[in-house]
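# Survey of secondary and tertiary structure
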Amino acid sequence: MPFSVWWQAYLTPPASALKFAIKATLAMGLALYIALWCDLDRPYWALISAAFLQIRPMSGMVLEKGISQITGTVVGCLAGIAIMSLFVQSPTPALICLTAWIILCAYAASVTRNNASFGCIMAAVTAMLIVVITASAPTGLFAVAVARLSELALGAICATLVSALLWPIQVRDHLAGLADQVVNQAFLHGALRLDNSADIAALQATLTASLQPLTQLETDSQAARYEGPEGIGRLRASHVLTVRTARLLAILHALQQLLRSHGGELPSPTRRLIEDMASDLRRSAEGSGVDQARQRLQALRHRALQCMAADLDEGIAPAPDQAPDQASGQAAGQTTARYGHSPSGPITSDPEPTRTTESPEALLQRRIHLGLREALGHALVILDAREAIHTPGKRRLKAPAPAFHRDHLEAALNGLRAGLVFALLVIVWRYTAWDNGQIAMLVGTLFSAFFATRDNPAAVAATFLKGMLAAVPSALLFGHLLLAQANDFVTLALVFMPPLFLGLLGAANPRLMGYCLAFTIGNILLTMPGNGMDFSIDGFLGRAIALLLGLSTVVMAFRLAPGLPTTIRKHRLVSATVNDLHGLHRRSLHEAESRFGGTMADRLLRLAQHDDSLPEERRYLFSLGLVGLDLGYASLNLRRRLGGRSDALDLALDDLAAALADDYGASARGHAPDRAREYGNRLLQTLERQADDGAEYRLMAGLIERLTMSLERQADRSRQARQAAPAVGVAGRQRTPDRQGAKAPGVDR
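This report concerns the structure included in the present document. These numbers were taken from a predicted model, which means no experiment stands behind them.

## A short note on the overall build of the chain
A count of helices and strands for the chain gives 25 helices and 0 strands. Within the chain, the fraction of its 749 residues that count as buried is 58%. Partitioning the contacts of the chain with sequence separation of at least 6, the portion at a separation of at least 24 is 82%. Split by element, the accessible area of the chain, about 28,800 Å² in all, is 58% carbon and sulfur.

Okay, structure coming up:
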């Protein structure tokens with residue numbers, strides 16, 4: 001860690017860091033004073049509760065986290081009481097049952113998000129405290145449960161009050177900043193796509209810079225519901241922004257494929273339209289005002305509509321020009337994926353020469369113009385969603401909440417690791433009868449679950465261990481030697497609070513949070529302030545050894561059992577995408593679109609992060625994720641355009657969607673697609689028998705050709721990456737598409 005970071009954090013701290021440290025210190029001081037006044041058994045729990053709630057000091061988040069913490073504590077109390085009621089005379093079965101509960105809570109924390117995850121961790125920690133504390137004195141079971149709940153609730157209440165009354169920070173400001181980042185980076189990414197940029201690093205950087213705040217926005221927006229009636233509007237707008245941004249990225253990816261293959265065949269007016277759109281997206285991203293950006297995009301959309309009208313043959317009417325339905329969150333037009341890629345016509349011979357007189361060049365122009373119109377429609381809705389997040393009263397948007405990617409195998413491994421850490425520390429505690437073993441079990445249980453969902457948890461745990469080591473001399477001086485001279489609360493606060501303030505001041509810097517938060521918590525656990533404190537040296541050393549033993553066990557567990565290897569995690573991301581592509585037809589259009597957009601935004605970010613760690617010649621996951629996004633929205637828009645006409649056509653659509661999913665899994669392994677063409681031909685034959693619209697037939701044929709070519713290019717890229725790194729690959733079995741939606745192909749090494 002560069003010394004300049006520490007210098008800036010402590011000698012030239014920003015005003016926001018000072019406010020954060022002051023607020024958190026006051027919240028902890030207030031919680032400690034009330035706990036001492038009420039003569040609670042372990043007042044330091046109120047301190048830890050207040051500290052954790054102030055990590056993200058936005059008022060709505062503090063309230064949401066407080067509710068999650070109290071809910072988790074209540075559930076943990078009930079679980080602890082139930083375990084002791086069943087095994088009050090049998091400590092070993094009680095501890096086995098407690099280990100299973102901790103595994104379950106750690107698993108739940110890994111498949112949930114944000115504050116709900118924290119609530120699951122608190123359920124594990126609270127149950128552990130109740131069972132361990134009352135194992136030798138079961139008659140005090142209810143008293144211990146009430147005490148733990150009182151202490152944690154007190155810390156949550158104090159943190160919430162201070163957060164709301166002193167320099168309040170609103171979630172709405174945080175969400176507005178994230179929304180600006182998402183929109184600006186997505187527009188910059190769009191400009192690069194329309195410029196047909198070959199700079200993969202720049203494309204991936206702008207995509208990651210958009211998806212990262214987008215994922216955080218979707219998670220953090222849940223706390224907006226606690227900030228008045230407008231919070232629900234911001235929550236809905238965040239959902240709209242997530243779905244529409246994912247769709248825009250898919251359309252832009254498809255457009256670049258068209259431009260890369262056939263951009264030289266476009267007439268000058270179309271090329272100027274594309275250049276102007278790229279320029280205006282870049283200007284909008286660089287901050288020229290929302291109203292000006294909307295006017296420019298609306299003018300471009302009008303130009304795209306004029307070009308579409310000029311493209312159409314006599315007697316072929318364009319799709320109605322309807323503005324996006326902001327009230328219901330409906331799709332703005334049809335996605336560009338519907339409109340084909342190859343200007344060479346259908347993948348089978350024309351059924352009749354008279355079906356259409358449009359040339360391949362005219363069809364290419366129409367596909368480009370329709371794609372631009374679609375992209376501009378989504379861009380306008382994205383601007384509306386950003387405005388609704390800033391000022392929800394001006395815009396009313398509705399959208400179902402998107403889903404997130406969940407890896408249940410990885411969550412199960414996280415749960416087993418947490419159970420293993422607890423079991424090891426229980427063995428030490430049981431066979432040594434060590435009083436301070438409770439501290440080791442507390443630290444091991446808390447941080448083995450808390451760090452499991454972080455990137456590189458072993459490094460994070462090691463950082464916390466260093467912070468705890470730094471807390472030992474600080475707690476010895478301030479919490480032991482000097483605090484022993486205190487005889488009232490004022491003196492106690494003047495001696496005990498300065499180290500906590502310094503730790504919190506550094507924790508305001510994200511790069512120092514691991515060290516400084518551990519330093520703060522270490523001072524609290526090593527001192528354990530209360531009405532009957534133990535100032536003996538052997539007691540202090542026992543607590544220090546227990547604290548370091550607990551964290552060292554966590555570090556060791558993450559190093560020896562790091563979870564799924566990176567290669568397998570990548571394979572499972574691809575497998576989950578294949579499964580989602582297979583399951584799109586089982587849900588309604590709106591639900592499928594929402595779930596697919598949310599999960600793919602999450603997966604794209606993870607795939608891009610994996611690509612960042614690889615050399616250039618081995619990077620293929622970034623494009624693989626975009627191809628999956630494109631295939632999903634192409635399947636959905638085929639359903640929207642052709643679905644419901646007849647059972648035969650619906651069956652052909654489902655079979656084609658399943659074939660695309662199978663070929664997507666094959667392209668990830670570097671195998672050429674072999675199903676999309678076959679089932680695409682079947683769809684076209686069914687469409688030919690039931691429709692007399694030659695233009696639609698050609699557009700559908702072009703779409704299937706484009707998707708097939710996209711899969712072929714991705715297969716080539718995946719194969720080249722696998723040759724550069726033979727150990728990296730995706731294997732799986734294929735299936736014949738059917739209407740029942742059999743299990744999707746598995747993915748393995």
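## A short note on empty space enclosed by the protein
Considering all chains together, one arrives at 6 cavities of 30 Å³ or more under this definition. Approximately 70 Å³ is the volume attributed to the largest cavity. Of all the secondary-structure elements, those providing two or more residues to the lining of the largest cavity are helix 22 (621–642) and helix 23 (647–668). A per-class count over the lining of the largest cavity returns 4 nonpolar, 2 polar and 2 charged.

## Here we look at the packing of helix 14 (residues 408–432) against helix 15 (residues 437–450)
Where helix 14 meets helix 15, the closest approach of the two axes is 9 Å, and the angle between their N-to-C directions is 175°. Looking at the two axes, helix 14 sits roughly antiparallel to helix 15. Between helix 14 and helix 15, the residues in contact are Ala418, Val421, Phe422, Leu425, Val426 and Trp429 and Gly437, Gln438, Ala440, Met441, Gly444, Thr445 and Ser448, respectively. Partitioned by chemical class, the residues of the contact of helix 14 with helix 15 number 8 nonpolar, 5 polar and no charged.

## What to know about the side chain of Thr553
Within the fold, Thr553 resides in helix 19 (residues 537–560). Thr553 sits in the buried class, given a relative accessible area of 7%. Contact partners of Thr553, with chain neighbours within four places excluded, come to Val421, Leu424 and Leu425.

## Digging into the state of the cysteines
With the rule as written, the count across this model stands at 0 disulfides. Cysteine Cys105 remains unbridged, with the sulfur of Cys120 as its closest cysteine sulfur at 6.6 Å. Classification of Cys105 as buried rests on a relative accessible area of 6%.

## Concerning unusual backbone geometry
Unlike most non-glycine residues, Asp39 shows phi in positive territory, near 55°. Locating Asp39 in the fold gives a position in the loop between helix 2 (15–37) and helix 3 (44–53). One non-glycine residue, Ala433, lies in positive phi territory at about 55°. We classify Ala433 as exposed; its relative accessible area is 61%.

## What to know about a nonpolar patch on the surface
Taken together, the side chains of Leu420, Leu424, Ile427, Tyr431, Met556 and Leu560 define a hydrophobic patch exposed on the protein surface, amounting to about 680 Å² of accessible area. Of all the secondary-structure elements, those providing two or more residues to the nonpolar patch are helix 14 and helix 19. With 4 residues, the top contributor of residues to the nonpolar patch is helix 14. Turning to its location among the elements, Tyr431 is positioned in helix 14. Taking relative accessible area as the criterion, Tyr431 reaches 73% and is therefore assigned exposed.

The rules we used
Residue positions within a chain follow its written sequence, with the count starting from 1. Where local features are concerned, this predicted model is filtered to residues with pLDDT of at least 70; where side-chain atom pairs are given and counted, the filter is 80 or more; whole-chain, interface and lining totals use all residues. Each side-chain value is worked out from all heavy atoms of the structure, with water and hydrogens disregarded. Here a helix means four or more residues in a row that DSSP labels H or I, a strand means two or more in a row labelled E, and each is numbered from the N terminus. With a 1.4 Å probe rolled over the protein chains alone, any residue whose accessible area is under 20% of its type maximum counts as buried; one over 50% counts as exposed, and the rest are partly exposed. Two residues form a contact once any of their heavy atoms are found within 4.5 Å. Per-residue and other accessible areas follow the Shrake-Rupley method at a 1.4 Å probe size, with only the shown protein chains counted as cover for residues. In this analysis, the protein atoms alone were mapped onto a 1 Å grid. Cavities are point sets where a 1.4 Å probe fits without being able to get out; pockets are open sets with protein on both sides within 12 Å along at least five of seven lines; lining residues have an atom within 4 Å of a point. Grid points are joined across faces, edges and corners, and a volume is the space filled by probe spheres set on the points. Residue polarity is assigned by list, with Asp, Glu, Lys and Arg as charged and Ala, Val, Leu, Ile, Met, Phe, Trp, Tyr, Cys and Pro as nonpolar; anything else, Gly included, falls into the polar class. Geometry is summarised by axes, namely lines fitted to C-alpha atoms with helices restricted to the contacting stretch, and by angles between N-to-C directions that run from 0 to 180 degrees. Should an angle fall under 35 degrees it is taken as roughly parallel, and over 145 as roughly antiparallel, whereas 65 to 115 is taken as roughly perpendicular and any remaining angle as oblique. Any pair of cysteine sulfurs within 2.5 Å is marked as a disulfide. Within the patch definition used here, like charges are joined within 9 Å and nonpolar side chains (Val, Leu, Ile, Met, Phe, Trp, Tyr) within 5 Å, considering only residues with over 30% relative accessible area and no salt bridge. We define a salt bridge as a side-chain nitrogen of Lys or Arg found within 4 Å of a carboxyl oxygen belonging to Asp or Glu.

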